[in-house]
Amino acid sequence: MIIALDGSSVDGSAYTDVVNLARHSPVWLDDTVSAWSTYGLALFAVLMAVGWWHARRVDATASVTALAVPFVVVVAFGVDAVLKLLVREDRPCQSLRVTTLEACPAPGDWSFPSNHAAIAAAAAVALLFVSRRLGALAVVAGFAMAVSRVWVGAHYPHDVMAGVVVGAVAALLVMSALRRLAEAAALRLAATRLRPLLVVS
């Protein structure tokens, strides 16, 4: 079923207010937000790597949990991508006459839910299972990513909120299920050539 949602009727005015605010903001701020919006997801990859590196010093079960985080993010991205194809909401820059910081994507690059927000939220929730400190940092970074996607004009507010929900719920469900299997998986993997990935020798 294809919904073909018209996002402008949901919170188009709020989106316009944010985009207009961005247009009248200092150049340094817009450049910073734009750079974060474009490249910020790399930080989550770094946090995943750091989480795994420290988990190896705890035990094999912690390492399995940390190594699962990227896969959880892929699952969240997949769910988000399916929803995009079902809803097929046009980008706000295509529906509304506004000037945005980010170039308007081509038609067919659907807006709802936000991939960036889903990835960031999934990484943040999954990292909370690995390290509260890294997870908390990822939560703050995820919030900044969600806000930045509206600021640059790529998404409506409801797009990023939906992306956050999709990513967070997917990560919570998968990581909760994994927690029951992590110990058994760790015992099996630790007896193979993959042991160096799990523990510090």
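As a reminder, the structure under discussion sits directly above these lines.
What this report covers is the structure whose coordinates are included nearby. Please read these numbers as outputs of a predicted model, since none were measured by experiment. (Residues numbered from 1 in each chain as written. Predicted model: local features only at pLDDT ≥ 70, side-chain atom pairs only at ≥ 80, totals over all residues. Heavy atoms only, no water.)

Counting 24 residues, the largest nonpolar core has Phe44 and Met175 as the members making the most contacts within it. Mapped by element, the contributors of at least two residues to this core are helix H3 (41-55), helix H4 (60-87), helix H6 (115-128), helix H7 (132-151) and helix H8 (157-179). Sorting elements by how many residues they give to this core places H6 first, with 8 residues. Beyond its immediate stretch of four places on either side in the chain, Met175 contacts Thr65, Ala68, Val69, Val72, Ala126 and Phe129. Among the nonpolar cores identified, the runner-up in size contains 9 residues, and Cys93, Leu96, Ala117 and Val160 belong to it. (Core = buried A, V, L, I, M, F, W, Y, C linked by side-chain atoms within 4.5 Å. Buried < 20%, exposed > 50% of the residue type's maximum accessible area, 1.4 Å probe, protein only. Helix = DSSP H or I, 4+ residues; strand = E, 2+ residues; numbered from the N terminus. Contact = heavy atoms within 4.5 Å.)

This part takes up the pattern of salt bridges. Enumeration over the complete set of coordinates arrives at 2 salt bridges. A salt bridge links Arg91 to Asp109; the nearest nitrogen and oxygen atoms lie 2.9 Å apart. Within this pair, whereas Arg91 is found in the loop between H4 and helix H5 (92-95), its partner Asp109 is found in the loop between H5 and H6, the two being separated by 18 residues in sequence. Given the relative accessible area of 7%, Arg91 is considered buried. Among the salt bridges present, the one from Arg149 reaches Glu102, with a minimum N-O distance of 3.1 Å. You can see Arg149 sitting in helix H7 and its partner Glu102 sitting in the loop between H5 and H6, a full 47 residues away along the chain. (Salt bridge = Lys/Arg side-chain N within 4 Å of Asp/Glu carboxyl O.)

On to the state of the cysteines. Inspection of the entire model under this criterion finds 1 disulfide. Put simply, Cys93 and Cys104 are joined by a disulfide, and their sulfur atoms are 2.1 Å apart. Because the sign of the S-S torsion sets the handedness, a value of about 80 degrees for the bond joining Cys93 and Cys104 places this disulfide among the right-handed ones. Taken together, the positions of Cys93 in helix H5 and Cys104 in the loop between H5 and H6 put the pair 11 residues apart, joining distant regions of the chain. Overall, the relative accessible area of 15% leaves Cys93 in the buried class. (Disulfide = S-S within 2.5 Å.)

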